[in-house]
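Survey of secondary and tertiary structure
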Amino acid sequence: MSSLTASGLSRLLGEWNVGATPGYRELADVVRLLVLDGRVALVTGSSSGIGEATARRLADLGAHVVVNSASSVEAGEAVAASLPVQALYVQADISDQAQGQALLDRTLDRFGRLDILVNNAGWTSVVPHHDLDALSDEVFRKTFDVNVFGTWWLTKAALPRLRESPDPNVVMVTSVAGLRPVGSSIAYAMTKAALNHLTKLLAKSCGPVRVNAVAPGLVATPWTADWDAQHAGVAAVAPLHRSATPEDCAEAVLSLVRNTYVTGHILVVDGGTSLVL
């Protein structure tokens, strides 16, 4: 959309006679696809998995996208290069406050605005809940450094620029582990519970910035590729009989981004698993 934006098309559509205009419905479909035309989205942890799927869906809707990862540089650059919009890859570990600020600065230097922040970056290590001694202080701190402190620092730094947007959005990617006593470790579950509560606190205090969260159950990502038993267990009991895909979670993120009257909501994406377990 170069000379005519999605919003401009929407106004034109409102002036047309729906039944009498050839191609109206086809053009309306295009407008719906480009509802984020010209917006700028920063998606942390987006070189693969849920973050990559979210970056791709945002781009499909017309948003310019900043792709990020702490490592996986080649993968992140490849994602950014493949998007059908203006895109930028920035390597940054958000658990380092200075790197998180640099990520935000690079975004603003390139695009001059920020409309959507998707806090997807996270870290975990599998530690059985009953084995408290195995949950070392090092693992505990790193889990909180990335998942809580990094997310907090970046969101706090981004809020002043988000407030300049016509529809500012923050979406946290959390987990059902933040709602129920499950998850890859006790530390991981604690961090996701913190993010779920942070979502509500920010939504209450920082309007008109909308702050929501997507809380997935088990997701089929490269990180869980060898979790055959867990995926089979979910498929056996979940009403929808499978684990989530990154695309399922990305669609949930987009539903929260697009609904302009939803804030403080935690959207569970687990195929109904939490209803039966």
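Keep in mind that what you see is a predicted model, and the values were worked out from it rather than measured. (Residues numbered from 1 in each chain as written. Predicted model: local features only at pLDDT ≥ 70, side-chain atom pairs only at ≥ 80, totals over all residues. Heavy atoms only, no water.)

Observations concerning the confidence of the model for the protein chain
- In this model, the protein chain carries a mean pLDDT of 91, and residues with pLDDT of at least 70 account for 88%.
- Below a pLDDT of 50 lies the segment residues 1-8, which in the model reaches 11 contacts outside its immediate sequence neighbourhood of four places, other chains included. (pLDDT = per-residue confidence, 0-100. Contact = heavy atoms within 4.5 Å.)

Focus on the packing of aromatic side chains
- Taken as a whole and assessed by the stated rule, the structure comprises three aromatic pairs.
- Consider the rings of F149 and W153, whose centres lie 5.7 Å apart with planes at 45 degrees: the pair is tilted. Here W153 and F149 lie together in helix α6 (residues 137-162), a separation of four residues that amounts to about one turn. (Phe/Tyr/Trp six-rings, centres within 6.5 Å; stacked < 30°, edge-to-face > 60°. Helix = DSSP H or I, 4+ residues; strand = E, 2+ residues; numbered from the N terminus.)

A look at unusual backbone geometry
- Note the cis peptide between G207 and P208, where omega equals 10 degrees.
- Here P208 lies in the loop between α7 (186-205) and β6 (210-216).
- Non-glycine residue S72 carries a positive phi angle of around 40 degrees.
- Position of S72 relative to the elements: it lies in the loop between β2 (64-69) and α4 (73-82).
- For S72, a relative accessible area of 40% corresponds to the partly exposed category.
- Phi at H241 is positive, roughly 60 degrees, even though this residue is not glycine.
- Position of H241 relative to the elements: it lies in the loop between α8 (228-237) and α9 (246-258). (Buried < 20%, exposed > 50% of the residue type's maximum accessible area, 1.4 Å probe, protein only.)

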